[in-house]
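# Inside the fold
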Amino acid sequence: MDKNQAAGQQVQPYLFFDGKCEEAIDFYKKALGAKVDMLMRFKDSPEPPPPGMVPPGSENKVMHAAMRIGDSTVMATDGGCQGNAAFEGFSLTLTVPNEAEADRRFAALAEGGQVRMPLAKTFFSPRFGMLSDKFGVGWMVIVAQ
């Protein structure tokens, strides 16, 4: 791939909350100041979901959402609305400008979640920590050097 083909490419996380997407979006609004750029419910889709894709009664669940956290876009859905969300094998990294902001955001994300590594000074950052939020999404909070 040459430079011209790579220009404009992005990798964006797409999180499948499997029935708790709206609750997660509200949590990220409070914890991180997330701004919702777009939200579409299954009932608002121009095409109905294929039979068996979502259980009956899921019309008000989130088919697709895009939220901005700082300069990044995180997309989300309720997916199949089965209540089996599993976020394994990755973490989202939140880079903040200072230690006070790291403390504040880490505490907000950890509410109802599980701290894996408390915020502390490391050789690569004045403040770094890891946690899973109450939805099971892994986060690493870091102050840039």
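As shown above, the structure is provided for reference.
It should be emphasised that the depicted structure is a prediction, and the values quoted were computed from it without experimental measurement. (Residues numbered from 1 in each chain as written. Predicted model: local features only at pLDDT ≥ 70, side-chain atom pairs only at ≥ 80, totals over all residues. Heavy atoms only, no water.)

Helix and strand counts for the protein chain stand at three helices and eight strands. What you see in the protein chain, going N to C, is helices and strands ordered as α-β-α-β-β-β-β-α-β-β-β. Long-range contacts, defined here as pairs at least 24 residues apart, represent 56% of the contacts in the protein chain between residues at least 6 apart. As presented, the protein chain carries roughly 8700 Å² of accessible surface, and 52% of it is formed by carbon and sulfur atoms. Measuring between centres, the 15 positive side-chain charges of the protein chain sit 6 Å from its 17 negative side-chain charges. (Helix = DSSP H or I, 4+ residues; strand = E, 2+ residues; numbered from the N terminus. Contact = heavy atoms within 4.5 Å. Areas by Shrake-Rupley, 256 points an atom, 1.4 Å probe, with all protein chains shown as cover. Lys, Arg positive; Asp, Glu negative; His and termini not counted. Charge placed at Lys NZ, Arg CZ, Asp CG, Glu CD.)

Overall, the coordinates contain 11 aromatic pairs when judged by the stated rule. Ring geometry for Phe17 against Phe135: centres 5.7 Å apart, planes inclined by 80°, an arrangement best described as edge-to-face. Remark: Phe135 occurs in the loop between β7 (128-132) and β8 (138-143) and Phe17 occurs in the loop between β1 (14-16) and α2 (21-32); sequence separation between them is 118 residues. Classification of Phe135 as buried rests on a relative accessible area of 12%. With a centroid separation of 5.0 Å and 85° between ring planes, the pair formed by Phe123 and Phe124 is classed as edge-to-face. (Phe/Tyr/Trp six-rings, centres within 6.5 Å; stacked < 30°, edge-to-face > 60°. Buried < 20%, exposed > 50% of the residue type's maximum accessible area, 1.4 Å probe, protein only.)

The sheet built from four strands is open, its strands ordered β5-β8-β7-β6 with mixed pairing. Two strands lie at the open edges of the sheet, namely β5 (92-96) and β6 (114-120), each paired on one side alone. With direction set aside, neighbouring strand axes in the sheet form an average angle of 15°. Sheet topology note: the β6/β7 ladder contains four bridges and is antiparallel. Counted as the bridge partner of Ala120 is Phe128 from β7. This element, helix α3 (residues 99-110), spans β5, β6, β7 and β8 of the sheet and lies at about 170° to β6. (Pairing = 2+ DSSP bridges. Axes fitted to C-alpha atoms, helices over the stretch in contact; angles between N-to-C directions.)

Looking now at the pairing of β5. Burial along β5 is one-sided: the face carrying Leu92, Leu94 and Val96 is buried and the face carrying Thr93 and Thr95 is not. The pairing of β5 with β8 spans five bridges and is classified as parallel. Residue pairing for β8: Thr95 is matched across the bridge by Ile142.

For the largest pocket, the calculated volume is near 380 Å³. Of all the secondary structure elements, the ones that give two or more residues to the lining of the largest pocket are β4 (72-77), β5 and α3. By residue number, the principal contributor to the lining of the largest pocket is β5, which donates five residues. The class makeup of the residues in the lining of the largest pocket is 10 nonpolar, seven polar and three charged. (1 Å grid on protein atoms, 1.4 Å probe; cavity = no way out; pocket = protein on both sides within 12 Å on 5 of 7 lines; lining within 4 Å. Points joined across faces, edges and corners; volume = space filled by probe spheres on them. Nonpolar A, V, L, I, M, F, W, Y, C, P; charged D, E, K, R; others polar.)

Inspection of the secondary structure assignment puts Gly138 in strand β8. Given the relative accessible area of 1%, Gly138 is considered buried. In this structure, the C-alpha to C-alpha distance between Gly138 and Arg116, residues 22 residues apart in sequence, is 9.2 Å. Non-local contacts of Gly138, meaning those with residues more than four positions away in its chain, are made with Phe90, Ser91, Leu92, Arg116, Leu131 and Ser132.

This part covers the nonpolar core. In this structure, Phe17, Tyr28, Leu32, Leu94, Leu109, Val137 and Trp139 are the most contacted members of the largest nonpolar core, which totals 31 residues. Going through the elements one at a time, α2, β3 (62-69), β4, β5, α3 and β8 are the ones with two or more residues in this core. Looking at which element gives the most residues to this core, the answer is α2, with seven residues. Residues contacting Trp139, with those up to four places away along its chain left out, are Tyr28, Leu32, Ile69, Ser91, Leu92, Leu94, Leu109, Gly129, Met130, Leu131 and Asp133. (Core = buried A, V, L, I, M, F, W, Y, C linked by side-chain atoms within 4.5 Å.)

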